[in-house]
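Coordinate analysis (summary)
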Amino acid sequence: MVYHRSMIDRLTTTLLAASLVAGCAGTSVAPQRTTYSSTIPRPAKVLVYDLEFSTKQIRENQAAAQRAIRDADASAVDARLRKIGQGVVTAYAETLVAGIREAGFDAIRANAATPVGHGDLKVEGVILRIDEGDRTRRVVVGLGAGESFVDAKVVVHSAVDPPKRLLDFVTKADSGKMPGAGLSLGAGAAAQGGVTAAGAAVSATQGGVRVMRSQVEQMAERSAKQAVEYMQKYFVVQGWITGN
């Protein structure tokens, strides 16, 4: 049986979605520091800033076809990395704002020009790693081959006088270890010209960049949701919200 390019695209999308739904993609929160204080009132506003990032912490899709495209346009490397980074920090910030609002707070996405009121809560941080992995290996082989990662450090502090750091934690997300299409369909399908590494790579070059970036953005969203859950537990202990 021969799997045409459109079928490969659909299969790729299905596998990536399944890895998220099935819970094979990992997300975790590692606490670094926690400070409770009965003297800090519930914040009137929560200011969520974009996480800082450096292109040095970003690694693009390592699939062979994608590397060939990059080599042909090496002058655009910095712009591509910044686009990847900005997509991730935007997804993270927007998800944080939405989740904190659902918890009952007035949360906004802030920047350096945003006024900060006394007692407002500030959520800041930095991207530690964005690694797009190798999409071809992830799709064809799976089981952790070609994994992608998004790691971030988040700091929450209250704008009292003097400012007080309340939370410090690290979130980590990976693409999981679902079996790839090559293992799922068997060697026979690949031998008949089906889902081969070359075929998947061609598919990746035709929309793979957007899909790949979309995946790391989805990983950032999952991490941000975990961050919100972690912060909510702190808010309950502080008496700012009631527990479920």
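Residues numbered from 1 in each chain as written. Predicted model: local features only at pLDDT ≥ 70, side-chain atom pairs only at ≥ 80, totals over all residues. Heavy atoms only, no water.

So, about the overall build of the chain. Within the chain, the secondary structure is distributed over eight helices and seven strands. A fraction of 81% describes how many contacts in the chain between residues 6 or more apart in sequence connect residues 24 or more apart. (Helix = DSSP H or I, 4+ residues; strand = E, 2+ residues; numbered from the N terminus. Contact = heavy atoms within 4.5 Å.)

The tendency in soluble globular proteins is for nonpolar side chains to be buried as a group. In terms of nonpolar packing, the biggest core is built from 42 residues, with Y92, L96 and M231 touching the most fellow members. Elements with a minimum of two residues in this core: β2 (46–49), α3 (77–102), β5 (121–131), β6 (149–158), β7 (164–174) and α8 (208–238). Those residues in contact with M231 that lie beyond four places of it in its chain are L96, I100, V123, V156, L167 and F169. (Core = buried A, V, L, I, M, F, W, Y, C linked by side-chain atoms within 4.5 Å. Buried < 20%, exposed > 50% of the residue type's maximum accessible area, 1.4 Å probe, protein only.)

Turning our attention to α3. Over its 26 residues, α3 extends 38 Å from the first C-alpha to the last, a length consistent with the 38 Å expected when each residue adds 1.5 Å. Just downstream of α3 lies G104, where phi reads positive at about 105°. (Expected span 1.5 Å × (residues − 1).)

Our next topic: the pattern of salt bridges. According to the stated counting rule, one finds eight salt bridges in the structure shown. Notably, a salt bridge pairs D168 with K153, separated by 2.6 Å at the nearest N-O pair. Remark: K153 occurs in strand β6 and D168 occurs in strand β7; sequence separation between them is 15 residues. A salt bridge links D168 to R165; the shortest N-O distance between them is 2.9 Å. Using a relative accessible area of 5% as the deciding quantity, one classes D168 as buried. The structure contains a network of salt bridges with shared partners spanning D50, E94 and R109. (Salt bridge = Lys/Arg side-chain N within 4 Å of Asp/Glu carboxyl O.)

Taken as a whole, this structure holds six aromatic pairs when the rule is applied. Both rings, one in Y234 and one in W240, keep their centres 6.0 Å apart while their planes meet at 75°; by these two values the pair is edge-to-face. The buried category is assigned to W240, whose relative accessible area is 7%. Between F235 and W240, the ring centres sit 5.6 Å apart and the planes meet at 35°, which makes this aromatic pair tilted. Site record: aromatic cluster; members linked through ring pairs are Y36, F105, Y234, F235 and W240. (Phe/Tyr/Trp six-rings, centres within 6.5 Å; stacked < 30°, edge-to-face > 60°.)

Right, let's talk about the side chain of T114 for a bit. Of note, T114 is situated in the loop between β4 (107–110) and β5. Within the structure, the side chain of T114 is placed 2.9 Å from the backbone nitrogen of N111, a separation counted as a polar contact. (Polar contact = N/O pair within 3.5 Å; in protein donor to acceptor, adjacent residues only side chain to side chain.)

On to the pairing of β5, then. Bridge analysis of β2 against β5 gives three bridges, and the strand direction is parallel. Among the inter-strand pairings, L47 is bridged to a residue of β5, identified as K122. The pairing of strand β3 (residues 58–59) with β5 spans two bridges and is classified as parallel. Across the sheet, residue R59 finds its bridge partner in β5, namely D131. Direction of pairing for β5 relative to β6: antiparallel, over a ladder of ten bridges. Across the sheet, R129 pairs through a bridge with D151, a residue of β6. (Pairing = 2+ DSSP bridges.)

What follows is about the confidence of the model for the chain. Summary statistics for the chain give a mean pLDDT of 75 and a share of 63% for residues scoring 70 or more. Of the regions scoring below 50 in pLDDT, residues 1–23 engages in 38 contacts with residues more than four places distant in sequence or in other chains. Under a pLDDT of 50 for its full length, residues 178–213 has, in the predicted model, 80 contacts with residues more than four places off or in other chains. (pLDDT = per-residue confidence, 0-100.)

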